[in-house]
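If you want the building blocks of each chain, they are given just below.
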Amino acid sequence: MARPIRKAVFPVAGLGTRFLPATKAMPKEMLTVVDRPVIQHVVDEAREAGIEQFIFVTGRNKAVIEDHFDRQVELEETLRQRGKTAELAVLEADLPVPGQTSFTRQQEPLGLGHAVWCARHLIGAEPFALLLPDVLTQGAHGCLVEMVEAYDAHGGNIVAVQEVAPEDAHLYGIVEISTSEPGAERITGMVEKPASGTAPSNLMITGRYILQPEIVGILSSQGAGAGGEIQLTDAMRTLLERQDFFAVRYAGRSFDCGNKIGFLTANIAFALEREDLRNELLAALRDILERQAQA
């Protein structure tokens, strides 16, 4: 029987240079999609999947993330005095249980693999989920729920994938698959940013993983790869020689909030799900489009 997935790692040490100047003094993970920070959306997805321990790999100028997942006594008291019970209830619901969150530092920007390695003592000897905060998922439930279901059925390591235009495959980590099994497809190979025309498939790795702890030992001795960084894909390729890997195609939608179009699209998509915002937003969008057409 597969060991349960209790821990999740969130690499949040990136500089967010694609969103400057907004991220000059504020972490990109704290940019809001509607009225919730991006990192809160991702933590919500992990919590929905049964995660009990949340491990954040941070960097300089990221203290506000730690503050976000802490109690704000003065704010809570002000809301209580003003009778803002609904707002107070939201804060209470989002607050992790004491001891659920851990923070460690990645002092140098040496890649995703290095960020995972920095969390090695917190991961310990357990399998864990890895969620990139740049990616938001939207559907009947979050992507990690489907991945945990596949993990419970097959064990091993699980990677979320989605189709990408073949001409764009060189921009991503790409997997090669063989047989299909219930809720998953067996991975036989993977490559980080393959040269144009050489990708083994059009299935890109989307930023959600369930990994066995042996990946940490591989990262400990792995040298730099593409871009001079310690690439997680390289370590997974090594682990693939020893353990099973399965791909899960998420049934919902994924948004790459690491770029401006993905971030803006996510804001619209998540707002349209809200009954309190949907009709007014649709009217505003129609007005904008009409004005653009007339310009």
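This section reports on the structure supplied with the text. What you see is a predicted model; the values in this text were computed from it and never measured.

How each quantity is defined
- Residues numbered from 1 in each chain as written.
- Predicted model: local features only at pLDDT ≥ 70, side-chain atom pairs only at ≥ 80, totals over all residues.
- Heavy atoms only, no water.
- Helix = DSSP H or I, 4+ residues; strand = E, 2+ residues; numbered from the N terminus.
- Rg over C-alpha atoms; globule rule 2.2 N^0.38 Å.
- Buried < 20%, exposed > 50% of the residue type's maximum accessible area, 1.4 Å probe, protein only.
- Contact = heavy atoms within 4.5 Å.
- Areas by Shrake-Rupley, 256 points an atom, 1.4 Å probe, with all protein chains shown as cover.
- Lys, Arg positive; Asp, Glu negative; His and termini not counted.
- Charge placed at Lys NZ, Arg CZ, Asp CG, Glu CD.
- Expected span 1.5 Å × (residues − 1).
- Salt bridge = Lys/Arg side-chain N within 4 Å of Asp/Glu carboxyl O.
- Pairing = 2+ DSSP bridges.
- Core = buried A, V, L, I, M, F, W, Y, C linked by side-chain atoms within 4.5 Å.
- Polar contact = N/O pair within 3.5 Å; in protein donor to acceptor, adjacent residues only side chain to side chain.
- Axes fitted to C-alpha atoms, helices over the stretch in contact; angles between N-to-C directions.
- Parallel < 35°, antiparallel > 145°, perpendicular 65-115°, else oblique.
- Nonpolar A, V, L, I, M, F, W, Y, C, P; charged D, E, K, R; others polar.
- Phe/Tyr/Trp six-rings, centres within 6.5 Å; stacked < 30°, edge-to-face > 60°.

Here we come to the overall build of the protein. When helices and strands are tallied, the protein shows 11 helices and 13 strands. Against the compact-globule benchmark of 19 Å for 295 residues, the protein has a radius of gyration of 20 Å, which places it among compact chains. Over its C-alpha atoms, taken along the principal directions, the protein stretches across nearly 60 × 55 × 40 Å. Out of the 295 residues belonging to the protein, those deemed buried represent 46%. Considering only contacts in the protein between residues 6 or more positions apart, those separated by 24 or more positions represent 75%. Only carbon and sulfur atoms are counted for the fraction: they give 52% of the accessible area of the protein, which is about 15100 Å². Of the side-chain charges in the protein, 28 are positive and 40 negative, and the distance between the mean point of each set is 4 Å.

Its 12 residues place the ends of helix α7 (residues 143-154) 17 Å apart at the C-alpha level, agreeing with the 16 Å of an ideal helix rising 1.5 Å per residue. Taking burial as the measure, the 12 residues of α7 include nine buried ones, the bulk of the element. The complete set of buried residues in α7 reads Cys 143, Leu 144, Val 145, Glu 146, Met 147, Val 148, Ala 150, Tyr 151 and His 154. The first or second residue beyond α7 is Gly 155, which carries a positive phi of 70°.

Further remarks concern the pattern of salt bridges. Counted according to the given criterion, the structure contains 18 salt bridges. A salt bridge links Asp 94 to Arg 36; the shortest N-O distance between them is 2.9 Å. Here the residue Asp 94 occupies a position in helix α4 (residues 85-94), and Arg 36 occupies one in strand β3 (residues 36-37), the gap between them amounting to 58 residues. Under the relative-accessibility criterion, Asp 94 is labelled buried at 17%. In the salt-bridge network here, residues are joined through shared partners; they are Arg 6, Lys 7, Glu 52 and Glu 126.

The next point concerns the pairing of strand β6 (residues 128-131). Taking every second residue as pointing to the same face, both faces of β6 are buried, with Phe 128 and Leu 130 on one and Ala 129 and Leu 131 on the other. For strand β1 (residues 7-11) and β6, the ladder comprises three bridges, and the chain directions are parallel. Residue Ala 8 lies in a different strand from β6, and its bridge partner there is Ala 129. Summarising the sheet, β6 and strand β11 (residues 203-211) pair through four bridges and their orientation is antiparallel. For Phe 128, the partnering residue across the bridge sits in β11 and is Leu 211.

Counting residues in hydrophobic clusters, the biggest one holds 42 residues, and the most contacted among them are Phe 10, Phe 56 and Leu 144. Examining the composition of this core, we find that seven residues originate from one element, α7, more than from any other. The contacts of Phe 10, once residues within four sequence positions are left out, are Ile 39, Val 42, Val 43, Ala 46, Phe 54, Ile 55, Phe 56, Val 57 and Leu 131. Counting residues in hydrophobic clusters, the runner-up holds 32 residues, among them Val 9, Ile 123, Leu 239 and Leu 240.

Before going further, it helps to spend a moment on unusual backbone geometry. Excluding glycine, residues mostly have negative phi values, and the peptide bonds linking residues are mostly trans. Here the bond from Leu 20 into Pro 21 is cis, since omega is 5°, no more than 30 degrees from zero. Of note, Pro 21 is situated in the loop between β1 and β2 (32-33). One non-glycine residue, Val 34, lies in the positive phi region at around 65°. With respect to the helices and strands, the residue Val 34 is situated in the loop between β2 and β3.

It is worth spelling out the side chain of Asp 94 at this point. Within polar-contact distance, the side chain of Asp 94 engages the side chain of Arg 36 at 2.9 Å. Those residues within four positions of Asp 94 in sequence are excluded, and the remaining contacts are Arg 36, Gln 40, Asp 44 and Arg 47.

Attention now moves to the packing of helix α10 (residues 260-272) against helix α11 (residues 278-294). It is at 8 Å that the axes of α10 and α11 come closest, and there the two elements cross at 135°. Our classification of the angle between α10 and α11 gives oblique. Each of Ile 268, Ala 271 and Leu 272 in α10 lies in contact with α11, whose residues at this interface are Arg 278, Leu 281, Leu 282 and Leu 285. The residue inventory of the contact of α10 with α11, partitioned by class, reads six nonpolar, no polar and one charged.

Looking now at the packing of aromatic side chains. This structure, assessed with the given rule, holds six aromatic pairs. Note on Phe 10 and Phe 56: the rings are 5.0 Å apart at their centroids and 20° apart in plane angle, and the pair reads as stacked. With Phe 10 in strand β1 and Phe 56 in strand β4 (residues 53-58), this residue pair connects regions lying 46 residues apart in the sequence. Judged by its relative accessible area of 0%, Phe 56 falls in the buried class. Ring centres 5.5 Å apart and planes at 75° place the aromatic pair Phe 19 and Phe 263 in the edge-to-face group.

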